[in-house]
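# A look at the structure
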Amino acid sequence: MPSTHDWINNPLGVVPSLNDVPLHYLKPNSLVRFRCLIQDMFDPEFYMGAYETVDPSTKVLRCGKYKDVTECGVDLNSRNTVTAERQTFYCVPIPGENPWVKEISFSLAGSSQARVVPSTSYVPSRQKRSYEEDDDMDTQPQKQREPHTGMSPQSHTEPHGNGDCKRQETEAPSSQTTSASHLDLNFPLPGEKGPSCLVKVYEDWDSFKLNDTLEVYGILSVSPALSALAEEKDASSSLLDPAECMETAEEQRVHSPPASLVPRLHMIYAKPLPHCNPLLPSAALEDNSAFLSSTLSEMASVRTELLAYLTHVLLGDALAAEYLILHLISSVYARRDVLPLGKFTLNVSGCPTVASYTERLYQIIQQLVPCSYRLSMSLQNMNQLRLVPKKDYVANRLVSGALQLARNTSLFLDETQLEQGQLDTTGVRNITALGNLISWQKVDYDFNYHQMEFPCNINVLIASEGRSLLPSDCQVHLQPQVAPPQMEEYLSAIHMHPQASSQLNKFRLYLSLARTLDYSISDEVTKAVEDDFVDMRKDDPQSISAEDFHRLLVVARLLSLSLGQTSLSRDSWMRAKHIETLRRSRTEQQQQCVNGNEP
Amino acid sequence: MSSPTSTPGRKRARTDNPSTPSNDAATSPPSQRRRGQDSSTGELPPMPTSPATDMLSPAVPQDTSLFSSPRHSVLPSEVDMSSPLIGVRGTPARQRPDLGSVRKAPQVDLHSDLPNDDGAAVSDGQNAGQRLVIWGTDVNVGTCKEKFQRFLQRFIDPNSTEDENAGLDLNEPLYMQKLEEISVVGDPVLNVNCGHVQSFDAELYRQLICYPQEVIPTFDMAVNELFFERFPDSILEHQIQVRPYNALKTRNMRSLNPEDIDQLITISGMVIRTSQLIPEMQEAFFQCQVCAYNTRVEVDRGRIAEPAVCRNCNTTHSLALIHNRSVFSDKQMIKVQESPEDMPAGQTPHTTVVYAHNDLVDKVQPGDRVNITGIYRAVPMRVNPRQSNVKSVYKTHIDAIHFRKTDEKRLHRLDEEAEQKLFTEDRVQTLKELAAKPDVYERLSSALAPSIYEHEDIKKGILLQLFGGTRKDFSQTGRGNFRAEINILLCGDPGTSKSQLLQYVFNLVPRGQYTSGKGSSAVGLTAYVMKDPETRQLVLQTGALVLSDNGICCIDEFDKMSDNTRSVLHEVMEQQTLSIAKAGIICQLNARTSILAAANPVESQWNPKKTTIENIQLPHTLLSRFDLIFLMLDPQDEAYDRRLAHHLVSLYYQSEEQLEEEFLDMTVLKDYIAYARTYINPRLNEEASQALIEAYVDMRKIGSGRGMVSAYPRQLESLIRLAEAHAKVRFSDKVETIDVEEAKRLHREALKQSATDPRTGFVDISILTTGMSATARKRKEEVAQALKKLIQAKGKTPAMKYQQLFDDLRGQSETAITKELFEEALRALADEDYLTVTGKTVRLLA
């Protein structure tokens, strides 16, 4: 395993990231980066691309690009004013990003940020200070910017020196959380934290799509003037100009939230993130052949280790572990008209209900994949959660739902939590949405007057006791090798083996890499596969249907990839057939066993 | 364009003469006093070219309430656009807030700008040899007016298809007839199709698009002159206003950009929100508290300059605003969202704010699809006097001049929407070329869902369903509309890609709905009444069937649907309407939808020993409403398997490009269908009708030999529809024998698959129409007779044990008698009033 720092020669790594560094440590109008998901797209806006100042003595043409607020008075009548267009995206941190991703990307950037952070922590505060003082408003902007910290304690600390007081003020976390509570930041998943950003895009915004994951490099704008403008408007403008008050209060709140909460980021460059695993270089793999070849050779051995680990986790069931690996590296790689290819939804049935097994299983998965979310399918959740994003026309925004996820996010559906009871309308809709997600890898966003289909690429893993009520590509019935009485003990022991982090990192890298590999199939093997199918059908037409064959092809593909092979070999094909047979016989056994018990 | 840029910056430089209205008020009556927006002609002499124009040279002392410095010696003259006529009795002018009111005129710094203004305007004028133009434009009021009058008097469009022109003589000047209409009806609005203007005078059109704010008032002026010349005695509510529409620069909301600011645009979209009515003050009425002297002040940039001194008695601060004598205009904010069709995939729709004024208020409702013609505006964010920094963003909106609902006509006539969809010449050419190919039918059907293997006949059936039959109207003779939609049911083993086929169709058609029988209730399919939380009004919300009017409703898991839900389909599938009586709302909605349903067999695997009805357990009344019922089964033979395997493997491993070469593009297919549905209405020719008659008679004959009826009139109708659809596929206006042949073939194929009596192997339509094959019915009768004999043989026992009787009958009969059969026999006898069954005993009657 190469050291994770070896390939970070990325000069852009020096740029502080909004994901890691708290907003108040960052210098306004400086270059920052932000790893995010495009949650909503607002309407394009026209801005002054160039304008002239009003003061005749200093009449110069200024550039309005990459800024929210103009400097000095603007000569609105100047002929030189240029109107330009830009687009605003509402971006949130990648939903369901697991803690280890944050830690590692922080530590990777750490070498540079270690230098940056302490300095910025002081510099910007002084900057801000002076900025405000220049603004000649000694109380006004502060009141607006810090409405929650309370003025009195601050004025007490004032004499202790500028720097200290600033630190205290800016560090106060309460200010963030309290204000966040009455401003819904619209994260897709409940309980998410982190800054959301209004990203202003200056060119080529048509190339971005909703739910794209990006790393945005841009100029941070947290000008207090922005929120000041908004607040003032709230208070006084309603009578002055009917045109402006027509934007509803909600819309105002959503489209121009206080900059201290939702900073503006003026995009200079955006790097699309095909994955958000910090261990894997984000540059295209072809450019990194050395890295690729070294890791590819290791893949088979890492796979064995991972298989052993997962077998252990899955109560000694090696077959289920095999399928879990296939599931974890699956990804929709193409679509043929409506049919998504490469998806591999796994239903692990027969999960023990004792000792919150599913929860532990999820925790393990969380350790392995960059993004994941566990949806407990309790009746209450199904009836109440908003899974499908919905357009709110009052506030003119897309209210997010739990299914608005980045590509390759692992969605863990815990069906063991489901109990008997009545599903209401929302519940039925939610179940339908999950079904659509699994079958077609798409989510129909609710636009009130119509629905709009957004394709997605989410790995769905269903843990259930019996066969899941949701469709799935493949069902594996768990056969625990652990006797029920020892289950408790065994389960608690799983966590007693905290994998060495280097080991975990290997697994993480392995899973992300296997997913990005190319795959092909040679003509000979194609022929062999076809013959095989015909033969199988000849013996017993019932033994394999077209659907089974579909699945077999996917399994073969994933199996090859999991071994680091980029084309299908005869061996892998046989192996795929073998594990499929094992799985099917197990499922049949299980069914017979259920039927046998029933009458 | 004569002006260098068309940014708000340019606009801002336009002089707006701030002569105080109170001065005007003293000199001119209110109706003539209103100024024409911010269009002033700089310091040019009054215009000689427009004699009827009321020229106001405000030689009044410059009241400089807004400017601290006295004005230069320039006296701008104004063209009063909104009240051009003197001596028009009884017809007041009316402000046009839609063209932008003075309110929006930006502040002018006279110091810096005036010299510039002079230069520009004068040079403009000089170059053109004293040709006077409105400042900032190249519009000469006189010429423009003349041109427009000429247009009104001469424009003829003999090929007009617009329904607005219905009833007009197409060979007479179109707009003169419309003026005549106005004089009769009294609705002082003249809608002008910009396309007509363009074809008549491209230059005028260009001016209209580029300077709507100046040109439209000129048009108003022109049309009013013309109108009152012709109809001097008419009295209208207010002067005629010209409403241009269909500016050819029709755009999608996404493509609006800064260049469009202040231009006339037409965009299409869907209304998503409307605000309440906003009264906007146009003119404030002040009265002096001391001497009761009245004065009027016009709203200037959204503000009212309250006169500080009464001009009559010189008291300061004595004037009070009298609300109910002030003049207000109506205004409404409308939010419009891009229509879903215009959007690129993976993006969210854009929205635009539209302001509607006066009588356009409340013209549209949320949910309406509209084409809006209006002027695109960008207003800088309000400058905060206390802050030197402003947000460098403009607010944009559209001042609506004309609304045109795109889906309005759908209620009355069909295919209006499809007509909106314009096909370019090239496209039509490609489509026609495609249609001319002899194998177009095969080509199209193989292009349908290429990822699904084979099932050629099913794909053909679905293809015909997509095209549909010809709509026939028999309402004159009382039968109403004949169904033109083709309904198809697919049933078969699970995992035979039925759902995938449904998904494909759903994605292909513009008005498709996809529901699953499991998840939908009767309400979700039809319509339900909801209380709007805001207005407390009852609102009718339409369900999937109504939403897919003129489209296809795909229903998956048809068998899982509750009976209750299925029952609503009866009406939809034959009458093509939905009747609703709920919460005091009684109505009948159109649901001219084709239904494509998929059902799984009851026993999860198709039982070849049972009939279709027995396999899917659907009421036969419903089944008979399907034109085609296909079975999707695994054929299970080696050659098929090999092809299937190859297909699947290549599906997974072929590159995208390779696949695309093989098949028709989905968009071509879409266009092809849309074109055929819109323009092709095939009718039966003589031979075809003969062929149909023969086919029908043959079908009846097949059965008659064995005492069965194998065809009903419904099947004949199905045949006709299929034949028509096939003719549409060929882009043929005539249904010919080949169409009938294919319809027959397909119908037979479908029958063979679904209506074969498993006991005899014959095609028997009565399986579908009565739910039972003729042999089964015969057998039932036999059992009943045998049972009757048995009972009679028992002698005069008034009551018997049920189980006993069953055993007896079983012992007596040679063939196996199932419990169901026995019960059916009992029921048959009970129907004859021979016996009754109560619990476990059977009693004889009489």
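Residues numbered from 1 in each chain as written. Chains lettered and ligands numbered in written order. Predicted model: local features only at pLDDT ≥ 70, side-chain atom pairs only at ≥ 80, totals over all residues. Heavy atoms only, no water.

Within an unreviewed UniProt entry, the label attached to chain B reads DNA replication licensing factor MCM4, and the organism entered is Myripristis murdjan. Under Subunit (unreviewed entry), UniProt gives the following word-for-word description of chain B: "Component of the MCM2-7 complex." (UniProt positions renumbered as here; feature names shortened; annotations may be inferred.)

If you look chain A up in an unreviewed UniProt entry, it shows as Mini-chromosome maintenance complex-binding protein from Myripristis murdjan. Among the UniProt annotations of chain A, the heading Sequence similarities (unreviewed entry) holds the following wording: "Belongs to the MCMBP family." Under the Subcellular location (unreviewed entry) heading, UniProt states for chain A: "Nucleus".

## What to know about the overall build of chain B
Assigned secondary structure in chain B consists of 29 helices and 28 strands. Each of the 846 residues in chain B was classed as buried or not, and the buried ones make up 55%. Carbon and sulfur atoms form 51% of the exposed surface of chain B, whose accessible area is close to 36,900 Å². (Helix = DSSP H or I, 4+ residues; strand = E, 2+ residues; numbered from the N terminus. Buried < 20%, exposed > 50% of the residue type's maximum accessible area, 1.4 Å probe, protein only. Areas by Shrake-Rupley, 256 points an atom, 1.4 Å probe, with all protein chains shown as cover.)

## Observations regarding the overall build of chain A
What chain A contains, in helices and strands, is 18 helices and 18 strands. Per-residue burial over chain A gives 57% buried out of 599 residues. Within chain A, counting contacts between residues at least 6 apart in sequence, those at least 24 apart form 78% of the total. As presented, chain A carries roughly 24,600 Å² of accessible surface, and 52% of it is formed by carbon and sulfur atoms. (Contact = heavy atoms within 4.5 Å.)

## Focus on the nonpolar core
Residues Leu306(A), Tyr323(A), Leu368(A) and Phe549(A) are the most contacted members of the largest nonpolar core, which totals 86 residues. The biggest single contributor to this core is helix α17 (residues 546–562) of chain A, with 10 residues. When neighbours within four sequence positions are excluded, Phe549(A) is seen to be in contact with Val529(A), Phe533(A), Ile544(A), Trp573(A), Ala645(B), Leu648(B) and Val649(B). With 60 residues, the next largest nonpolar core counts Ala435(B), Leu448(B), Ile488(B) and Cys554(B) among its residues. (Core = buried A, V, L, I, M, F, W, Y, C linked by side-chain atoms within 4.5 Å.)

## As for the sheet that holds strand β18 (residues 474–477) of chain A
All names here are of chain A. The sheet built from 5 strands is open, its strands ordered β11-β14-β17-β10-β18 with parallel pairing. In this open sheet, the two edge strands, each paired with only one partner strand, are β11 (372–376) and β18. Averaged over all adjacent pairs, the angle separating strand axes in this sheet is 20°, with direction ignored. Helix-sheet contacts for helix α10 (residues 318–328) involve β10 (346–349), β14 (409–414), β17 (458–463) and β18, and the interaxial angle to β17 is about 155°. (Pairing = 2+ DSSP bridges. Axes fitted to C-alpha atoms, helices over the stretch in contact; angles between N-to-C directions.)

## Here we look at the sheet that holds strand β15 (residues 488–492) of chain B
Across a sheet, paired strands are connected by hydrogen bonds in the backbone, their directions being either parallel or antiparallel. Residue and element names in this part refer to chain B. With parallel pairing, the 5 strands of this open sheet are ordered in space as β16-β19-β22-β15-β23. With one partner strand each, in any of the chains shown, β16 (512–516) and β23 (628–632) form the two edges of the open sheet. Adjacent strand axes in the sheet meet at a mean angle of 15° when their direction is disregarded. With 5 bridges connecting them, β15 and β23 associate as parallel partners. Its bridge partner being in β23, Leu-490 is matched across the sheet by Phe-630. Here helix α14 (residues 498–508) sits on the sheet and contacts β15, β16, β19 (552–556), β22 (594–599) and β23; the angle it forms with β19, its principal contact strand, is near 155°.

## Brief notes about unusual backbone geometry
Unusually for a residue other than glycine, Gln441(A) sits at a positive phi of about 50°. With respect to the helices and strands, the residue Gln441(A) is situated in the loop between α13 (425–440) and β15 (442–446). The exposure class of Gln441(A) is buried, given its relative accessible area of 1%. The backbone phi angle of Asp262(B) is positive, close to 70°, even though this residue is not glycine. For Asp262(B), a relative accessible area of 6% translates into the label buried.

## A short note on the packing of aromatic side chains
Residue and element names in this part refer to chain A. The tally for this structure, following the rule as stated, stands at 24 aromatic pairs over all chains. Look at Tyr-362 and Phe-412: their rings are 5.6 Å apart centre to centre, the planes differ by 50°, and that puts the pair in the tilted class. In this pair, Tyr-362 sits in helix α11 (residues 357–368) while Phe-412 sits in strand β14, placing the two residues 50 residues apart along the sequence. Taken as a pair, Tyr-362 and Phe-412 share a single burial class, namely buried. Consider the rings of Phe-549 and Trp-573, whose centres lie 6.4 Å apart with planes at 80°: the pair is edge-to-face. On the criterion of sequence distance, the pair formed by Phe-549 in helix α17 and Trp-573 in helix α18 (residues 570–597) is long-range, its members being 24 residues apart. The exposure class of Trp-573 is buried, given its relative accessible area of 0%. (Phe/Tyr/Trp six-rings, centres within 6.5 Å; stacked < 30°, edge-to-face > 60°.)

## Thoughts on the domain arrangement of chain A
Residues and elements named next belong to chain A. By the assigned domains, chain A splits into domain 1 (23–114 + 186–272), domain 2 (297–517) and domain 3 (519–598). Counting from both sides, the interface comprises 27 residues of domain 1 and, opposite them, 24 residues of domain 2. Both sides of the domain 1 and domain 2 interface together cover about 2,100 Å² of buried area, and 55% of this is carbon and sulfur. Where domain 1 packs against domain 2, one counts 0 salt bridges. The interface formed by domain 1 and domain 2 holds 15 residue pairs in polar contact (both at pLDDT 80 or more) in total. Of all the secondary-structure elements, those providing two or more residues to the side of domain 1 that touches domain 2 are β1 (31–41), α1 (99–134) and α8 (249–255). Along the lines of polarity and charge, the residues of the side of domain 1 that touches domain 2 split into 14 nonpolar, 8 polar and 5 charged. (Domains from an automatic or database assignment. Buried area = accessible area lost by both parts, 1.4 Å probe. Salt bridge = Lys/Arg side-chain N within 4 Å of Asp/Glu carboxyl O. Polar contact = N/O pair within 3.5 Å; in protein donor to acceptor, adjacent residues only side chain to side chain. Nonpolar A, V, L, I, M, F, W, Y, C, P; charged D, E, K, R; others polar.)

## Thoughts on the side chain of Asp548(A)
Residue and element names in this part refer to chain A. Looking at where Asp-548 falls in the secondary structure, it is placed in helix α17. Residue classification places Asp-548 among the buried residues on the basis of a relative accessible area of 14%. Separated by 3.0 Å, the side chains of Asp-548 and Arg-584 make a polar contact. Not counting residues within four places of it along the chain, the set of residues in contact with Asp-548 comprises Ser-543 and Arg-584.

## Regarding the environment of Ser445(B)
Residue and element names in this part refer to chain B. With respect to the element layout, Ser-445 can be found in helix α12 (residues 440–447). Spatially, the C-alpha atom of Ser-445 lies 22 Å from that of Tyr-652, the residues being 207 residues apart in sequence. Aside from chain neighbours lying at most four places away, what touches Ser-445 is Glu-456, Lys-459, Lys-460 and Leu-463.

## Describing the confidence of the model for chain A
Residue and element names in this part refer to chain A. Per-residue confidence for chain A gives a mean pLDDT of 74, with 75% of residues at or over 70. Mean pLDDT across the elements of chain A bottoms out in helix α3 (residues 151–157) (37) and peaks in β17 (91). In this model, residues 111–181 is a region of pLDDT below 50 whose contacts with residues beyond four sequence positions or in other chains number 62 contacts. Predicted confidence is poor over residues 232–245, with pLDDT under 50, and the contacts of this stretch with residues over four places away or in other chains come to 15 contacts. (pLDDT = per-residue confidence, 0-100.)

## Comments concerning the pairing of strand β2 (residues 45–52) of chain A
With 8 of its 8 residues buried, β2(A) lies for the most part within the structure. Relative to strand β4 (residues 82–93) of chain A, β2(A) runs antiparallel, the two being bridged by 5 bridges. Following the sheet pairing, Tyr47(A) is matched in β4(A) by Ala84(A). Direction of pairing for β2(A) relative to strand β12 (residues 393–405) of chain B: antiparallel, over a ladder of 2 bridges.

## Here we look at the state of the cysteines
Residue and element names in this part refer to chain B. Across all of its chains, the model carries 0 disulfides over all chains by this definition. Summary of cysteine pairing: Cys-554 is not part of a disulfide, and the nearest cysteine sulfur, belonging to Cys-553, is at 6.9 Å. Under the relative-accessibility criterion, Cys-554 is labelled buried at 0%. (Disulfide = S-S within 2.5 Å.)

## Side note on the pairing of β11(A)
Residue and element names in this part refer to chain A. Among the 5 residues of β11, 5 are classified as buried, and the element is accordingly described as predominantly covered. Of the two faces of β11, the one lined by Ser-372, Arg-374 and Ser-376 and the one lined by Tyr-373 and Leu-375 are each fully buried. With 5 bridges joining them, β11 and β14 adopt parallel strand pairing. Bridge pairing links Ser-372 to Ser-410 in β14.

## Some details on the confidence of the model for chain B
Residue and element names in this part refer to chain B. Here chain B shows a mean pLDDT of 70. Residues at 70 or above account for 65%. Confidence, expressed as mean pLDDT per element, reaches its minimum in chain B at helix α3 (residues 30–33) with 35 and its maximum at strand β10 (residues 351–357) with 87. In the model, residues 1–88 has pLDDT below 50 throughout and makes 197 contacts with residues more than four positions away in sequence or in other chains. Contacts of residues 408–420 to residues separated by more than four positions or lying in other chains number 20 contacts, the stretch itself having pLDDT below 50. Among the prediction metrics, the complex's ipTM stands at 0.72, with pTM recorded as 0.71.

## Some thoughts on the environment of Asp414(A)
Residue and element names in this part refer to chain A. Tracing the sequence through the fold places Asp-414 in strand β14. The buried category is assigned to Asp-414, whose relative accessible area is 0%. Separated by 51 residues in sequence, Asp-414 and Glu-465 place their C-alpha atoms 9.7 Å apart. Setting aside its immediate chain neighbours within four residues, Asp-414 contacts Thr-358, Arg-374, Leu-375, Ser-376, Met-377 and Ala-463. At a separation of 3.5 Å, a polar atom in the side chain of Asp-414 contacts the side chain of Gln-417.

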